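So you can see what is in the structure, the chains are spelled out below.
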Amino acid sequence: MKPHPAAAATLLTKLSSSIFTKPLISPSFLISRLIPQLQATILRSLCTQLRASAGNEKIGVEDRGFQGLRMNQGSLSNGVSEYHRLLPCPSTHGAPRIEHLVVLEGGSVSQYISKTLDLPLLYVTDLIRFGAVYCALVCPKPPPTATPEQIELYKHFTAPHILKKRRFIKGKTLLEAQQTFRITHVDERVEPGTYLRVHVHPKRFPRCYEIDWRSRIIAVTDSYVVLDKPAGTSVGGTSDNIEESCATFATRALGLTKPLLTTHQIDNCSEGCVVLARTKEYCSVFHKKLRDGKVKKLYLALAAAPVPVGVMTHYMRPFRLAPKIMSEDRTEGWLLCQLEILGCKEVPWPSSIIEEKYGIKDCGWPWKSSAYECTINLLTGRTHQIRAQLAAYGEPIVGDSMYMPAALAEISNPGVNPFGKCKKQFLDEDEKRTAAESWIKIHGREPAIAIGLQACQISWDDGEHVYNAGTPWWMS
């Protein structure tokens, strides 16, 4: 019979106190005699604070721990999630669920996760296939907010006499052993003291299964493949899902034996030209072309308001998560963002049928008689650059549910954007940081499928190689 979580938490406090205050009792001796279910409950509780230090690579992902989640194959009558397999892909997915574990019993990583988290073994196998399981040979250092019990647990597993017995970390420094890496084999072995991060509920991309991928191939050479990426897909995958990606599905569509490699990115909600390398050597070659400025990218953007022709300059706050904050004023440490509007023409606003097909959010924009198709030469390549710059000018992209609400707020209430044209003077960095956080809250969420943005052309080596995308979704 499994202990109730509340009872386990109470017992955790008592056990932790006795483990680390009574020198005559060995911590490893006492831990080894806890029943398996209680071991998992205690260690998951102790490792919860590691979320802050483990981090999430994907922009905007939140680590929510043990949220009650609903999987695609139904749920039990008491509301607890019922897990079977990751495929077939659900049309919707719940909030992320990330579990942090410290291994107590050596053996197969898939079997340990299955037993500890009470997940079907086939489901865990799918998670590993998706790239949703990470490992560190030694538990990472807890953040400053860690409890005394968590700090003691860290000290126990990183004690020199314990580390000396660890076969897998011989020859490595502590920092090297604390580096996380993706588990790629279901039969990989782990030893006691190993840290695991399990993305139980990875981000999904249902659009991958709706696309005729062969028809999206623009060019195939011995060195690279050019793909017309569909909106609502990821170029190379996310931190918890490398299976449902353009690189994976394009590889299969072409029947290639070696996987295609990502050379650059465009947003999941964008469509258009991306270059996938067929070899590691060409991947390095193309990366150098990007660094040297030899790759030119043209975009079509469907703006909700007319955009003036010319160069648009902003400075982006250097913050990893979205949304991105722009300022027209040069700010120390902020990143230069430049793009050139080559032309702008009035076009019909997408019909309701097209909007529904591509999941276009209404966002409350009041003027829908016309939209404006802009041709853009991207001079600097920052994450969300075109989207954030156009929104900062009050000309957000159609369907951009992240940036359009903020643009509307500034239009209806000038000065609400502390970094806009009616900018505010800050007394210190703390006040500036508080203003940035308040402005971020006005923004919306990332679009589900598409926005009016297409990477319509990519070229390099002074036009020696030029490739064009197909008709944008709003003209289909």
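That block above? That's the structure.
All residue numbers refer to position in the chain's written sequence, counted from 1. Reporting of local features is limited, given that this is a predicted model, to residues whose pLDDT is at least 70; pairs of side-chain atoms are given and counted only at 80 or more, and all residues count toward the totals for whole chains, interfaces and linings. With hydrogens and water set aside, each side-chain value is computed from the structure's full complement of heavy atoms.

Draft legend 1. Quick look at the overall build of the protein. Numbering of helices and strands runs from the N terminus; a helix is a DSSP stretch of H or I covering at least four residues, while a strand is a stretch of E covering at least two. Counting its secondary structure elements, the protein contains 15 helices and 17 strands. Partitioning the contacts of the protein with sequence separation of at least 6, the portion at a separation of at least 24 is 73%. All accessibility values rest on the Shrake-Rupley procedure with a 1.4 Å probe; residue burial counts only the protein chains present in the view. As displayed, the protein has an accessible area near 23100 Å², and 53% of this comes from carbon and sulfur atoms. In what follows, a contact means two residues having at least one pair of non-hydrogen atoms within 4.5 Å.

Draft legend 2. Molecular detail of helix 14 (residues 404–412). Along helix 14, the positions that sit buried rather than exposed are M404, A406, A407, L408, A409 and E410. Looking at the buried residues of helix 14, the elements they touch are helix 13 (385–392) and helix 15 (429–442). Each residue is assigned to one of three classes by its accessible area relative to the maximum for its type, calculated with a 1.4 Å probe on protein chains only: buried under 20%, partly exposed between the two thresholds, exposed over 50%.

Draft legend 3. Fine view of unusual backbone geometry. P88 follows L87 through a cis peptide bond whose omega is 5°. Within the secondary structure layout, P88 lies in the loop between helix 4 (51–54) and strand 1 (98–102). Geometrically, the link from A322 to P323 is a cis peptide bond, its omega value of 5° lying close to zero. Within the secondary structure, P323 is located in the loop between strand 12 (310–316) and strand 13 (326–327). Even without a glycine there, the phi angle at H384 is positive, about 65°. Examined against the element boundaries, H384 turns out to sit in the loop between strand 15 (370–378) and helix 13.

Draft legend 4. Focus on helix 6 (residues 121–130). What helix 6 keeps buried is the set Y123, V124, D126, L127, I128 and F130. Lining the buried residues of helix 6 we find helix 5 (109–117), strand 3 (133–136) and strand 6 (195–199). Of the residues one or two after helix 6, G131 is the one with positive phi, at around 80°.

Draft legend 5. Main features of the pattern of salt bridges. A carboxyl oxygen of Asp or Glu within 4 Å of a side-chain nitrogen of Lys or Arg is what we treat as a salt bridge. Scanning the model with the defined rule gives 17 salt bridges in all. Across the pair R204 and E244 runs a salt bridge whose closest N-O atoms are separated by 2.7 Å. Here the residue R204 occupies a position in the loop between strand 6 and strand 7 (217–220), and E244 occupies one in the loop between strand 8 (224–229) and helix 10 (246–254), the gap between them amounting to 40 residues. Residue class for E244 comes out buried when judged on its relative accessible area of 0%. Between R216 and D228 there is a salt bridge, and its shortest N-O distance comes to 3.5 Å. Within this pair, whereas R216 is found in the loop between strand 6 and strand 7, its partner D228 is found in strand 8, the two being separated by 12 residues in sequence. Its relative accessible area of 10% is what places D228 among the buried residues.

Draft legend 6. Seen up close, the packing of helix 5 against helix 6. Axis separation between helix 5 and helix 6 bottoms out at 9 Å; the angle between their running directions is 125°. The orientation of helix 5 with respect to helix 6, classified from their angle, is oblique. As for the relative orientation of helix 5 and helix 6, their crossing is right-handed in sense. Contacts between helix 5 and helix 6 involve V109, S110, Q111, I113 and S114 on the former and, on the latter, L121, V124 and I128. Residues belonging to the contact of helix 5 with helix 6 are distributed by class as follows: 5 nonpolar, 3 polar and no charged. Only C-alpha atoms enter the line fits that serve as axes; for helices the fit covers just the stretch in contact. Angles between N-to-C directions range over 0 to 180 degrees. Roughly parallel here means an angle under 35 degrees, roughly antiparallel means over 145, roughly perpendicular means 65 to 115, and every remaining angle is called oblique. What makes a crossing left-handed is the near helix being turned counterclockwise from the far one by less than a right angle; a clockwise turn instead makes it right-handed. Only Asp, Glu, Lys and Arg are considered charged in this grouping, and only Ala, Val, Leu, Ile, Met, Phe, Trp, Tyr, Cys and Pro are considered nonpolar; every other residue, Gly among them, is considered polar.

Draft legend 7. Quick peek at the sheet that holds strand 3. Strand order in this open sheet of 4 strands is 1-6-3-4, and the pairing throughout is antiparallel. Taken across any chain shown, the strands that pair with only one partner, and hence form the sheet edges, are strand 1 and strand 4 (181–182). Strand pairing is assigned whenever DSSP identifies at least 2 bridges connecting the two strands. Where strand 1 and strand 6 come together, 5 bridges link them in antiparallel fashion. Across the sheet, residue I98 finds its bridge partner in strand 6, namely H199. In the packing of helix 5 onto the sheet, contacts are made with strand 1, strand 3 and strand 6, and the angle to strand 6 comes to roughly 70°.

Draft legend 8. How the structure looks around the packing of aromatic side chains. By convention, a stacked pair of Phe, Tyr or Trp rings (six-membered ring in the case of Trp) has centres within 6.5 Å and planes under 30 degrees apart, an edge-to-face pair has planes over 60 apart, and any other such pair is tilted. Summed over the entire model, instances satisfying the criterion amount to 12 aromatic pairs. Three or more aromatic residues joined by ring pairs form one cluster here, namely Y224, Y282, F286, W460 and Y467. We count a charge as sitting over a ring when the NZ of a lysine or the CZ of an arginine lies within 6 Å of the ring centre and within 35 degrees of the ring normal. Here R197 stacks its cationic end above the ring of Y134, 4.4 Å away from the centre of that ring.

Draft legend 9. The arrangement of the pairing of strand 8 in detail. Across the 6 residues that make up strand 8, a large majority, 6, are buried. Judged by which residues are buried, strand 8 turns out to be covered on both faces: Y224, V226 and D228 on one side and V225, L227 and K229 on the other are all buried. Of the strand pairs in this sheet, strand 7 and strand 8 are connected by 3 bridges, and their pairing is antiparallel. The residue bridging A219 from the neighbouring strand is V226, located in strand 8. Where strand 7 folds back onto strand 8 in an antiparallel hairpin, the turn is made up of 3 residues. Relative to strand 10 (residues 271–277), strand 8 is paired through 6 bridges, and the arrangement is antiparallel. Among the inter-strand pairings, V226 is bridged to a residue of strand 10, identified as V275.

Draft legend 10. Region of interest: the side chain of Q385. Within the secondary structure, Q385 sits in helix 13. A distance of 3.0 Å separates the side chain of Q385 from the side chain of T380, its partner in a polar contact. Any N or O atom pair separated by 3.5 Å or less is treated as a polar contact, with the protein-specific requirement of one donor-capable and one acceptor-capable atom, and with residues adjacent in sequence counted only for side-chain atom pairs. Here R382 takes part through its backbone nitrogen, which lies 3.1 Å from a polar atom of the side chain of Q385. In this structure, Q385 is in contact with M316, M326, C337, Q338, L339, L378 and T380, ignoring residues within four places of it in sequence.

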